[in-house]
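So you can see what is in the structure, the chains are spelled out below.
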Amino acid sequence: MSDDFDVNTVREALRVEREETVALIEQMASRLDAVIEATADSSSDDEHDPEGSTLAVERGHLVAQLERSRVRLDELDAALIRAESGDYGICEICGEQISAARLEALPAARLCITCATRYPTRRW
Ligand SMILES: [Zn+2]
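Only a predicted model underlies this, so the values are computations on that prediction, with no experimental measurement involved.

Scanning the chain from N- to C-terminus turns up four helices and zero strands. Along the chain, helices (α) and strands (β) appear in the sequence α-α-α-α when read from the amino end. Put simply, the chain has 124 residues, and 31% of those count as buried. Partitioning the contacts of the chain with sequence separation of at least 6, the portion at a separation of at least 24 is 58%. Of the roughly 8,000 Å² of accessible surface on the chain, 51% is carried by carbon and sulfur atoms.

Structurally, the position occupied by Thr21 is in helix H1 (residues 7–41). Given a relative accessible area of 8%, Thr21 falls into the buried group. When sequence neighbours within four positions are dropped, the list of residues in contact with Thr21 reads Ser69, Arg72, Leu73 and Leu76.

Turning our attention to the coordination of the zinc ion. Taken together, the protein donors to the zinc ion comprise Cys91 (SG), Cys94 (SG), Cys112 (SG) and Cys115 (SG), at separations of 2.3 Å. Viewed at the metal, the four donor atoms of the zinc ion are separated by angles of 106 to 117 degrees, and the geometry they form is tetrahedral. Given a relative accessible area of 36%, Cys94 falls into the partly exposed group. For Cys115, a relative accessible area of 3% gives the class buried.

Before going further, it helps to spend a moment on the UniProt feature "zinc finger region: dksA C4-type" (unreviewed entry) in the chain. Under the present numbering, the feature "zinc finger region: dksA C4-type" (unreviewed entry) in UniProt falls on residues 91–115. End C-alpha to end C-alpha, residues 91–115 measures 8 Å, and it is 36% helix and 0% strand.

Procedures and definitions
- Residues numbered from 1 in each chain as written.
- Predicted model: local features only at pLDDT ≥ 70, side-chain atom pairs only at ≥ 80, totals over all residues.
- Heavy atoms only, no water.
- Helix = DSSP H or I, 4+ residues; strand = E, 2+ residues; numbered from the N terminus.
- Buried < 20%, exposed > 50% of the residue type's maximum accessible area, 1.4 Å probe, protein only.
- Contact = heavy atoms within 4.5 Å.
- Areas by Shrake-Rupley, 256 points an atom, 1.4 Å probe, with all protein chains shown as cover.
- Donors = N, O, S within 2.8 Å, 3.2 Å for Na, K, Ca; no water.
- Tetrahedral: all angles 85-135°; square planar, octahedral: opposite > 155°, others 65-115°.
- UniProt positions renumbered as here; feature names shortened; annotations may be inferred.

Structure representation (structure tokens):
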């Protein structure tokens, strides 16, 4: 394998992942709506209603998952813009080329593996 990547392949991978993420967000959003509706229906207080508290827990999970997926969508959009502008695959911290293997595994990666290891709090 060369350390080169084909920007068209990358763009395609980003688009596919973006579509999957959008579909996932839609699924979770409609599930969240259903959960909110079910919670509103049960007028009894959550603490003494086992179903109510289960719904509250599920709602919490859904909100968190939705949040993560929306962040992911932003990352994918940003990566697509970089792919268009020609900045794609360049580490945002050190300016080095990100390895093709890493981009293949994480098409929206903004950092090379060295910087990603050095700054583990950065998501990408
Ligand atoms: Zn770097």
